[in-house]
Amino acid sequence: MNIRFAAQPDSTAGVIVYPVAKKALESVANLLPLEAAFLADAAKAARFDAAASALFEGFASVEGKLHRILLVGLGEGSANDMERAGAAITARLQTSGVENVSIDFTAAAEADAKAIAHFALGAYLRDWRIDTYRTKLAENAKPTLKEILIAATDVEGVEKIWPDMKAVAEGVMFTRELVSEPANIIYPESFVERCEKLKELGVEITVLDEAEMQKLGMGALLGVAQGSVRPPRLLAMRWDGTNGAQETPVCFVGKGVTFDTGGISLKPGPGMEDMKWDMGGAGAVAGTMLALAGRKAKAHVIGVCGLVENMPDGNAQRPGDIVTSMNGQTIEVLNTDAEGRLVLCDAMTWTQQTYKPKVMLDFATLTGAIIISLGHEYAGMMTNSDDLAGKIAKAGTECGDPVWRMPLGDAYNKLIDSPIADIKNVGPREAGSITAAQFLQRFVEEGVEWAHIDIAGMVWAAKPGATWEKGATGYGVRLMNQFIADNFEA
Ligand code: BES
Ligand code: MN
Ligand code: ZN
């Protein structure tokens, strides 16, 4: 779907949309053409209240032609409200038979360029869907919407903001694609292949194969991979938009378990299909790199993905096995289903040794426990830096990918001491998300500001949300992008 901006609305479009801010609710008639002004009363009768994403649909004959008219509520007009309003238009019209929509912001004077761009972003993001495997989609269920024309007073202003926002949206949608694809299609090697397209944007790509990881001593990551016929990969994507001015990059590390059966500590059958999205952290990191390169962010950023499949075959690791991580720590693998931390610890060590970052964030669908703690409203954040906590939380609130901080501490850390090795890979049932983070913290080097974001509750949605249909949300891309924009771009 294409989004275009112009100074004038197109009265020949299949649907004509009038956005209505809450404070303009009493004067809806003024927004409408004279012959359609009666729709203001109709909307009132239908209890249209201009809340963000509220819709009212009516028809009116304007200059002898039947117009299909939609009123969409803008709520208070915040960025989030605007996105929800734009998304509501796409959701309503995507498969409606209509191809062209004209949205008339010229009368809604209070919507500035930035607000309108957010509206466009919501409309654009909500259009994403994956129809790759639908060979029998009914004619009336196929998308028809081709173009949204947004008429704005300050066209120039919107056109200046939009390309960067669109780049971020492309990143979010790339993540949704990676997350949605089943595990027979996306596995470590094919994940890497899908990311090759980032090269065209100037992203430098490094890939480590099994032999190279062996040489580096990544026993923790390789232990997880050894039960699968799919070989693991470590993928690093580098974007430097500073021409070398920022020597030290910010590093993002993503958990990329392309399928998590649990291994020998096998998960129960019902719902196991969800574990195709256990690469959501890696997916978000890849989408972020696409977004940053797409909008030529003036920052130096590395995205690292630890890619493995966790399977229970004859060569799989066993509960009780002891593996040695890249930085020499021994780990007693008591539960092969606590594999994410095993993948991340080596990916994090490699990242720190290779790039010497001062700031490192990891993103992972690490624990079911975080869903018990926070549901699907916030990702959990554990960090060794109050300053970083503040920056990440602020970025999350700004962009609509919210995070909530959880504690770390010695008492939790003790819970993963092993009687036979340096660490065990699981603690007791209590505080499962925190002990998982404590495990990771043991691999954070001196002086590195680090945050772990547990996104297990955010990657996949059972219900449609603000700017997504049910399914992959693309969570994390906007958070990382905002974090970079706020703190590392001049
Ligand atoms: N990938 C899962 C976590 C997960 C569970 C994500 C449900 C999304 C939905 C992770 O690898 C896992 O299995 N964690 C275990 C840890 C436990 C064995 C300590 C869990 O959460 O049960
Ligand atoms: Mn697991
Ligand atoms: Zn997992």
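See above for the structure.
Residues numbered from 1 in each chain as written. Chains lettered and ligands numbered in written order. Predicted model: local features only at pLDDT ≥ 70, side-chain atom pairs only at ≥ 80, totals over all residues. Heavy atoms only, no water.

Asker: Give me the lowdown on the environment of Lys 391, citing residues and values where you can.
Answerer: Along the chain, Lys 391 turns up in helix H12 (residues 386–399). For Lys 391, the contacting residues outside a window of four places in its chain are Phe 483 and Asn 487. (Helix = DSSP H or I, 4+ residues; strand = E, 2+ residues; numbered from the N terminus. Contact = heavy atoms within 4.5 Å.)

Asker: Lay out the coordination of the zinc ion (ligand 3) in plain terms, naming residues and giving numbers.
Answerer: For the zinc ion (ligand 3), the full set of protein donor atoms is Lys 255 (NZ), Asp 260 (OD), Asp 278 (OD) and Glu 339 (OE), at a range of 2.0 to 2.4 Å. Between the six donor atoms coordinating the zinc ion (ligand 3), the angles at the centre fall across 78 to 174°, so the site counts as octahedral. In primary sequence terms, the donor set of the zinc ion (ligand 3) follows K-x4-D-x17-D-x60-E. Between the two metals, the zinc ion (ligand 3) and the manganese ion (ligand 2), the spacing is 3.1 Å, and Asp 260 donates to both. Of this pair, Asp 260 sits in strand S9 (residues 250–260) while Asp 278 sits in the loop between S9 and helix H9 (280–294), and the two are 18 residues apart along the sequence. Accessibility assignment for this pair places Asp 260 and Asp 278 in one class, buried. (Donors = N, O, S within 2.8 Å, 3.2 Å for Na, K, Ca; no water. Tetrahedral: all angles 85-135°; square planar, octahedral: opposite > 155°, others 65-115°. Buried < 20%, exposed > 50% of the residue type's maximum accessible area, 1.4 Å probe, protein only.)

Asker: Talk me through the nonpolar core; I want residue IDs and the actual numbers.
Answerer: With 62 residues, the main nonpolar core has Phe 105, Phe 119 and Ile 150 as its most contacted residues. Among the elements that line this core, the one with the most residues is helix H4 (residues 113–125), at 10 residues. A domain split of this core shows at least three residues from each of domain 1 (2–153) and domain 2 (168–487). Not counting the four nearest positions on each side in its chain, Phe 105 is found in contact with Pro 19, Leu 74, Met 82, Ala 111, Ile 116, Phe 119, Ile 150, Ala 151, Ala 152 and Thr 153. Formed by 52 residues, the second largest nonpolar core is a distinct cluster that contains Val 179, Ile 186, Leu 198 and Met 381. (Core = buried A, V, L, I, M, F, W, Y, C linked by side-chain atoms within 4.5 Å. Domains from an automatic or database assignment.)

Asker: Explain helix H15 (residues 477–487) residue by residue, including any values.
Answerer: The periodicity of an α-helix, 3.6 residues per turn, causes residues three or four positions apart to be oriented the same way. Burial of H15 is extensive: eight of the 11 residues sit out of reach of the surface. Along H15, the residues that are buried comprise Val 477, Arg 478, Leu 479, Met 480, Asn 481, Gln 482, Phe 483 and Ile 484.

Asker: Can you explain a negative patch on the surface? Please cite residues and give values.
Answerer: Taken together, the side chains of Asp 112, Asp 154, Glu 156 and Glu 159 define an acidic patch exposed on the protein surface. For Asp 112, the position within the fold is in the loop between strand S5 (100–104) and H4. The class of Asp 112 is partly exposed, set by a relative accessible area of 46%. (Patch = residues over 30% accessible without salt bridge, like charges linked within 9 Å, V, L, I, M, F, W, Y side chains within 5 Å. Areas by Shrake-Rupley, 256 points an atom, 1.4 Å probe, with all protein chains shown as cover. Salt bridge = Lys/Arg side-chain N within 4 Å of Asp/Glu carboxyl O. Lys, Arg positive; Asp, Glu negative; His and termini not counted. Charge placed at Lys NZ, Arg CZ, Asp CG, Glu CD.)

Asker: Describe in detail the sheet that holds strand S4 (residues 65–73), supporting the description with residues and values.
Answerer: The strand order across the open sheet formed by six strands is S1-S6-S5-S2-S4-S3, and the pairing between neighbours is mixed. The open sheet is flanked by strand S1 (2–6) and strand S3 (55–62), the only strands paired with a single partner. Within this sheet the neighbouring strands show an average axis-to-axis angle of 25°, counted without direction. Here helix H3 (residues 79–93) sits on the sheet and contacts strand S2 (15–20), S3, S4, S5 and strand S6 (147–151); the angle it forms with S4, its principal contact strand, is near 135°. (Pairing = 2+ DSSP bridges. Axes fitted to C-alpha atoms, helices over the stretch in contact; angles between N-to-C directions.)

Asker: Tell me what's going on with the coordination of the manganese ion (ligand 2), and back it up with residues and numbers.
Answerer: Note on the manganese ion (ligand 2): its protein donors are Asp 260 (OD), Asp 337 (O), Asp 337 (OD) and Glu 339 (OE). The metal-donor distances range over 2.1 to 2.2 Å. Viewed at the metal, the six donor atoms of the manganese ion (ligand 2) are separated by angles of 71 to 168°, and the geometry they form is irregular. Counting along the primary sequence, the residues that act as donors to the manganese ion (ligand 2) give the motif D-x76-D-x1-E.

Asker: Got a sec to walk through the packing of helix H5 (residues 155–180) against helix H6 (residues 188–195)? Specific residues and values, please.
Answerer: H6 packs onto H5 with a crossing angle of 160° between their chain directions and a minimal axis gap of 12 Å. As judged from the angle between their axes, H5 and H6 are roughly antiparallel. Crossing handedness for the pair H5 and H6: right-handed. On the side of H5, the interface is formed by Phe 174, Glu 177 and Leu 178, while H6 contributes Phe 191, Arg 194 and Cys 195. Among the residues forming the contact of H5 with H6, the class breakdown is four nonpolar, no polar and two charged. (Parallel < 35°, antiparallel > 145°, perpendicular 65-115°, else oblique. Left-handed = near helix turned anticlockwise from the far one by under 90°. Nonpolar A, V, L, I, M, F, W, Y, C, P; charged D, E, K, R; others polar.)

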